[in-house]
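Chain residues, written in single-letter form:
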Amino acid sequence: MRIGYGIDFHQLVAGRDLMIGGIYIPHHKGALGHSDADVLLHAICDALLGAACLGDIGVHFPDTSEDFKNIDSKILLQKTHSLITQEGYTIVNIDASLCLEAPKIKPYIPAMQAAIAGILGIGIRDISIKATTTEKMGFVGREEGLVAHAVCLLDR
């Protein structure tokens, strides 16, 4: 069994869609990035890749490549899943936390779990997603950005 940890950060800006956990979330700001900037899926990809000792998301899907410009991060998660399964790993569970001041995430968690479970072929109850604020402190508290942390357990 292998444990992996991932973390990702993105700026929040006007004029971009907010994609988190593979779903669109209505908000006046969205995440800025080379891809669709889905902070949660990126953290999960890094956790999975790290647990399998396969580097990180930047190694496999560099932001310098036009192939990944504006790509749907669900595709990156699918490709990551293929990489770890080729190494003989299966996912036991994923536990993730989002840090953002707004919008409130709780109503969207079931849809995120369903999207991620569908991509990874695991049960919804094998994916935990939580959210917190930073009590208005720092760049997250000023709504300048958001952060996601994820851990996973893989079995071979």
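As the structure is a computational prediction, the values presented were derived from the model and not from experiment. (Residues numbered from 1 in each chain as written. Predicted model: local features only at pLDDT ≥ 70, side-chain atom pairs only at ≥ 80, totals over all residues. Heavy atoms only, no water.)

## Focus on the overall build of the protein chain
For step 1, the next point in the chain: For the protein chain, the helix and strand inventory stands at five helices and seven strands.
For step 2, the next point in the chain: Each helix and strand of the protein chain, ordered N terminal to C terminal, gives the series β-β-β-β-α-α-α-β-α-β-α-β.
For step 3, the next point in the chain: Relative to the globule expectation of 15 Å for 156 residues, the C-alpha radius of gyration of the protein chain, 15 Å, shows essentially globular dimensions.
For step 4, the next point in the chain: Each principal axis of the C-alpha atoms in the protein chain carries an extent, and together these give about 40 × 35 × 25 Å. (Helix = DSSP H or I, 4+ residues; strand = E, 2+ residues; numbered from the N terminus. Rg over C-alpha atoms; globule rule 2.2 N^0.38 Å.)

## Let's talk about unusual backbone geometry
For step 1, the next point in the chain: Looking along the chain, the bond that leaves Ala-102 and enters Pro-103 is cis, with omega of 0°.
For step 2, the next point in the chain: Of note, Pro-103 is situated in the loop between strand 5 (90-99) and helix 4 (109-120).
For step 3, the next point in the chain: Positive phi values are uncommon outside glycine, yet Cys-53 reaches one of about 60°.
For step 4, the next point in the chain: With respect to the helices and strands, the residue Cys-53 is situated in the loop between helix 1 (39-51) and helix 2 (57-60).
For step 5, the next point in the chain: Of note in this structure, Glu-135 is not a glycine but carries a positive phi near 55°.
For step 6, the next point in the chain: Position of Glu-135 relative to the elements: it lies in the loop between strand 6 (127-132) and helix 5 (138-141).

## Focus on the environment of Arg-125
For step 1, the next point in the chain: If you trace the backbone, Arg-125 turns up in the loop between helix 4 and strand 6.
For step 2, the next point in the chain: Residue class for Arg-125 comes out exposed when judged on its relative accessible area of 82%.
For step 3, the next point in the chain: Placed twelve residues apart in sequence, Arg-125 and Gln-113 show a C-alpha to C-alpha distance of 8.2 Å. (Buried < 20%, exposed > 50% of the residue type's maximum accessible area, 1.4 Å probe, protein only.)

## Thoughts on the side chain of Gln-113
For step 1, the next point in the chain: Note on placement: Gln-113 falls in helix 4.
For step 2, the next point in the chain: With residues near it in sequence (within four places) discarded, Gln-113 still touches Ile-124, Ile-127 and Ile-129. (Contact = heavy atoms within 4.5 Å.)

## Let's talk about the side chain of His-10
For step 1, the next point in the chain: Within the secondary structure layout, His-10 lies in strand 1 (residues 2-13).
For step 2, the next point in the chain: Look at His-10 and you get buried, because its relative accessible area is 13%.
For step 3, the next point in the chain: Among the polar contacts listed, one links the side chain of His-10 to the side chain of Asp-8, at a separation of 2.9 Å.
For step 4, the next point in the chain: Engagement of the side chain of His-10 in a polar contact is seen with the backbone oxygen of Leu-32, the distance being 2.8 Å. (Polar contact = N/O pair within 3.5 Å; in protein donor to acceptor, adjacent residues only side chain to side chain.)

## Here's the deal with the pattern of salt bridges
Pairs can form between side chains of opposite charge whenever their charged atoms are close.
For step 1, the next point in the chain: The final tally for this structure, using the stated rule, is four salt bridges.
For step 2, the next point in the chain: Asp-95 is the partner of Lys-130 in a salt bridge, and the nearest nitrogen-oxygen pair spans 2.4 Å. On the criterion of sequence distance, the pair formed by Lys-130 in strand 6 and Asp-95 in strand 5 is long-range, its members being 35 residues apart.
For step 3, the next point in the chain: The shortest N-O distance in the salt bridge between Glu-144 and Arg-142 comes to 2.8 Å. (Salt bridge = Lys/Arg side-chain N within 4 Å of Asp/Glu carboxyl O.)

Nothing here speaks to function; it is geometry throughout.
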